[in-house]
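Given next are the chains, with one letter for each unit.
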Amino acid sequence: ADQLVSIEGRSLESLNGKFHFTPDPYESCLRARWFEEKTESEKGLPLPLDADFDVWPLMNVPGCWNTERSDLYYYENMGLYYKGFTYKSEQEGERVFLHFEGSAYRTYVFLNGKQVGMHDGASTPFSMEVTSYLQKQNRLIIAVDASRSKDRVPMDNTDWFNYGGIYRDVMLIRTPTTYIRNFYTQLKPKTTNMIFASVTLDTPLDTTVIYRIAELDIEKEIPIKAGTGSLEFEADVTLWSLENPQLYEVEILYGDDRVCDRIGFRDIQVQGTDILLNGKSLFLKGISVHEDHIDLGKTTNEAIIRATIADLKEMGGNFLRLAHYPHTRRFAQIADELGVLLWEEIPVYWAINFTNEETYQDAENQLSELVLRDRNRASV
């Protein structure tokens, strides 16, 4: 989670589209180091290639291999993806990150024959810096392991279909040498006109950043010490509510870097058994919904999300539980816009093996990634 880069408001370069793909049930790419693509030995002798990534059949990304190919409907092991892409630097000191919004479950990333990193967790975003690995022409190999295990989160016993693959967006993020890693802004609890904001840079600098809400003529300097800083200030904001889901465009600026997001400011409190939204008692009426489409599996789109919320409102509901794993970030963004409240969770479900320290760290990291992704969402 501490490597996650905020993508809100950035210029993003999509890598979505057709990837070459093959199942790899024996994990040969990892064991035999296919990703190195060596054509000759240390002595200069030719080496036979066990895999020719460029001629594998094509697979849609984002997409679940279970719904993309009928022969892989029940496949739950390793799948290999390959894509070539061109890179050209756009500014001096540029840094580049490869960012995944969701890849189920364990993901190994290789670029130009080198291992970049590994991530556990099917449904939370992750970023990997690839600046030092990039060339003009690049070969990206991604190994995705969808197998179930008692030591994973979720464990091997679940009550939803185990979709596999890179089923959400993949992209490149370009930043300056020092960039805004993430920011958090909401209404200060138990107030109606106090805004709280915090910002984290990637580098432990002492400096200042700009916080701006142009619609309200707000521009503040946030002092940064050792890479982090916060500020509280009064503002005449219209509070976000179910009846009036007011959103404001908030910008954070540092040097040549900029992130921005549409933010709703609201207060949530609990008194006894009452939930209070902006000081008013609220009765939650809702449903539990899975990310599971008849044609797309765990892959979804804006039309499906909007239709789900429309169904909820037609039934008189105001609340959705996104079960049993983090759904796409787009869901919470649309819920912010339409005035619906959400319960979000990670798949700590059935019997998680918390006696295993690695299992606990996996769960904690997934929760941290979810919090960093959606803590600015008024609906959550």
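Coordinates for the structure precede this section.
Because the structure is a prediction, the values reported are computed rather than measured.

### A look at helix α5 (residues 357-374)
The end-to-end C-alpha separation of α5 is 26 Å, in line with the 26 Å expected for 18 residues at 1.5 Å each. Among the residues of α5, Thr 359, Asp 362, Ala 363, Gln 366, Glu 369, Leu 370, Arg 373 and Asp 374 are the ones counted as buried. One side of α5 carries all its buried residues, which in axial view fall inside an arc of 125°. Elements that come into contact with the buried residues of α5 comprise β8 (114-120), β9 (126-129), α4 (329-338) and β25 (341-344).

### Notes on the packing of aromatic side chains
Taken as a whole, this structure holds 20 aromatic pairs when the rule is applied. Ring geometry for Phe 21 against Tyr 81: centres 4.9 Å apart, planes inclined by 65°, an arrangement best described as edge-to-face. One end of the pair, Phe 21, is in strand β2 (residues 17-23); the other, Tyr 81, is in strand β4 (residues 78-86), with 60 residues separating them in the sequence. According to the relative accessible area criterion, Tyr 81 is buried, its value standing at 0%. Geometrically, the ring pair formed by Tyr 211 and Phe 233 is edge-to-face, given 5.5 Å between the ring centres and 70° between the ring planes. Taken as a pair, Tyr 211 in strand β15 (residues 207-213) and Phe 233 in strand β17 (residues 228-234) lie far apart in primary sequence, 22 residues in all. Both residues of the pair, Tyr 211 and Phe 233, count as buried. What links up through ring pairs into an aromatic cluster is the set Phe 19, Phe 21, Trp 65, Tyr 75 and Tyr 81. When the ring centre of Tyr 325 is taken as reference, the NZ or CZ atom of Lys 298 above it lies at 3.5 Å.

### Describing the pattern of salt bridges
Applying the stated criterion across every chain yields a total of 32 salt bridges. For Arg 10, the salt bridge goes to Asp 257, with nearest N and O atoms at 2.6 Å. Pair noted here: Arg 10 is in the segment before β1 (12-14) and Asp 257 is in strand β19 (residues 257-263), with a separation of 247 residues, a long-range link. For Asp 374, the salt bridge goes to Arg 373, with nearest N and O atoms at 2.8 Å. When salt bridges with common partners are traced through the structure, they connect Arg 212, Glu 219, Glu 249, Glu 251 and Arg 258 into a single cluster.

### Focus on the pairing of β2
Bridging between β2 and strand β3 (residues 58-61) involves four bridges; their strand directions are antiparallel. What sits directly across from Gly 17, in β3, is Val 61. Two elements, β2 and β4, share four bridges in a ladder whose sense is antiparallel. What sits directly across from His 20, in β4, is Tyr 82.

### Overview of the sheet that holds strand β20 (residues 268-271)
The three strands lie next to each other as β20-β21-β22, forming an open sheet whose pairing is antiparallel. Among the strands making up the open sheet, the edge pair consists of β20 and β22 (280-282). Taken over all neighbouring pairs, the strand axes of this sheet differ in orientation by 40° on average, direction set aside.

Quick notes on the rules
Residues numbered from 1 in each chain as written. Predicted model: local features only at pLDDT ≥ 70, side-chain atom pairs only at ≥ 80, totals over all residues. Heavy atoms only, no water. Helix = DSSP H or I, 4+ residues; strand = E, 2+ residues; numbered from the N terminus. Expected span 1.5 Å × (residues − 1). Buried < 20%, exposed > 50% of the residue type's maximum accessible area, 1.4 Å probe, protein only. Arc of directions from axis to C-beta. Contact = heavy atoms within 4.5 Å. Phe/Tyr/Trp six-rings, centres within 6.5 Å; stacked < 30°, edge-to-face > 60°. Lys NZ or Arg CZ within 6 Å of the ring centre and 35° of its normal. Salt bridge = Lys/Arg side-chain N within 4 Å of Asp/Glu carboxyl O. Pairing = 2+ DSSP bridges. Axes fitted to C-alpha atoms, helices over the stretch in contact; angles between N-to-C directions.

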